[in-house]
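Here is what each chain is made of, one letter per residue.
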Amino acid sequence: MEAEGGRMLGVARRMLRRADLAEDAVQDALVLAWRRAAQFDPSRGSAKGWLYTILRNRCLTMLRQEDREVSSGASEVDDTPAAQVLASAHGSLETSTGLRQCLDRLDGATREAILSSYVLGHSHGEIAGQTGTPLGTVKARMRRGLLKLRECLS
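Computed from a predicted structure; not experimentally measured. (Residues numbered from 1 in each chain as written. Predicted model: local features only at pLDDT ≥ 70, side-chain atom pairs only at ≥ 80, totals over all residues. Heavy atoms only, no water.)

### A look at the nonpolar core
Counting residues in hydrophobic clusters, the biggest one holds 18 residues, and the most contacted among them are Met8, Ala12, Leu16, Ala25, Leu55 and Cys59. Those elements giving two or more residues to this core turn out to be α1 (5-16), α2 (19-35) and α3 (47-64). The dominant element in this core, judged by the number of residues it contributes, is α3, at seven residues. With near-sequence residues (within four places) excluded, Leu55 lies in contact with Met8, Val11, Ala12, Ala25, Val26 and Ala29. Cys102, Leu103, Leu106 and Leu115 belong to the second largest nonpolar core, which has 14 residues in total. (Core = buried A, V, L, I, M, F, W, Y, C linked by side-chain atoms within 4.5 Å. Buried < 20%, exposed > 50% of the residue type's maximum accessible area, 1.4 Å probe, protein only. Helix = DSSP H or I, 4+ residues; strand = E, 2+ residues; numbered from the N terminus. Contact = heavy atoms within 4.5 Å.)

As structure tokens, this is what we get:
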């Protein structure tokens, strides 16, 4: 919690666009990680990646739940344009990090799709709708891009 809690809360806030749900998502993700710690396999990836995957999946589950939907005041909703959020997320990575260097090697559409999925929590269908790209093309870009990132980072 001390090492990643703040960053996790930021990711959850960007995905859920509500501070109260973001706090719940981080709490749920940390509890779930604690309960499933024995399932972590270091040969499949880093602990940080595993933890953020749990958080992302928890946020997506919360977004899908209709019963948690409560109308909020206009001041609570983050209305920052998605393109600005993605540019900020990409720009906030230090240029010396491996992830930033590998993301920079991807073409713009692939990088945008991957960031939109992992930073904003958008589904493939949402990305296709927002970019006006066929769903199959978005899925192919995501798959090829993630394979290139995996290869680049290993």
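Next, the rest of the story.
### Side note on the packing of aromatic side chains
Scanning the entire structure with this criterion turns up one aromatic pair. Ring geometry for Phe40 and Trp50: centres 5.4 Å apart, planes at 50°, overall tilted. One end of the pair, Phe40, is in the loop between α2 and α3; the other, Trp50, is in helix α3, and 10 residues separate them in sequence. A residue is classified by how much of its surface remains accessible, and Phe40, at 25% relative accessible area, is partly exposed. Residue classification places Trp50 among the partly exposed residues on the basis of a relative accessible area of 25%. Above the face of the Tyr118 ring, Arg56 is positioned so that its terminal group lies 4.7 Å from the ring centre. (Phe/Tyr/Trp six-rings, centres within 6.5 Å; stacked < 30°, edge-to-face > 60°. Lys NZ or Arg CZ within 6 Å of the ring centre and 35° of its normal.)

### Examining the side chain of Ser116
Among the structural elements, Ser116 can be located in helix α6 (residues 108-119). Discounting residues that sit within four places of it in the chain, Ser116 has contacts with Leu86, Gly121, His122, Ile127 and Gln130.

### Some points on the pattern of salt bridges
Scanning all chains against the criterion turns up two salt bridges. Asp20 is the partner of Arg18 in a salt bridge, and the nearest nitrogen-oxygen pair spans 2.7 Å. On the basis of relative accessible area, Asp20 is assigned to the partly exposed category, the value being 36%. We note a salt bridge from Arg58 to Asp28, for which the minimum N-O separation is 3.0 Å. With Arg58 in helix α3 and Asp28 in helix α2, this pair connects stretches of sequence that are 30 residues apart. Under the relative-accessibility criterion, Arg58 is labelled buried at 18%. On the accessibility criterion, Asp28 (28% relative accessible area) is partly exposed. (Salt bridge = Lys/Arg side-chain N within 4 Å of Asp/Glu carboxyl O.)

### Quick word on the layout of surface pockets
The space that makes up the second largest pocket amounts to roughly 300 Å³. Around the second largest pocket sit 17 residues that line it, and Leu63, Leu120, Gly121, His122 and Glu126 are the ones nearest its centre. Broken down by secondary-structure element, the contributors of at least two residues to the lining of the second largest pocket are α1, α3 and α7 (124-131). Ranked by residues supplied to the lining of the second largest pocket, first place goes to α3 with four residues. Across the lining of the second largest pocket, the residue classes tally to six nonpolar, six polar and five charged. (1 Å grid on protein atoms, 1.4 Å probe; cavity = no way out; pocket = protein on both sides within 12 Å on 5 of 7 lines; lining within 4 Å. Points joined across faces, edges and corners; volume = space filled by probe spheres on them. Nonpolar A, V, L, I, M, F, W, Y, C, P; charged D, E, K, R; others polar.)

### Some remarks on the state of the cysteines
In total, this model carries one disulfide according to the counting rule given. Linked covalently through their sulfurs, Cys102 and Cys152 form a disulfide whose S-S length is 1.9 Å. Where Cys102 bonds to Cys152 through sulfur, the torsion about that S-S bond is close to -80°, and the disulfide is left-handed. Placement of the pair is Cys102 in helix α5 (residues 98-105) and Cys152 in helix α8 (residues 135-153), with a sequence separation of 50 residues. Look at Cys102 and you get buried, because its relative accessible area is 4%. (Disulfide = S-S within 2.5 Å.)

Remember that the coordinates give geometry; whether it matters functionally is a separate question.
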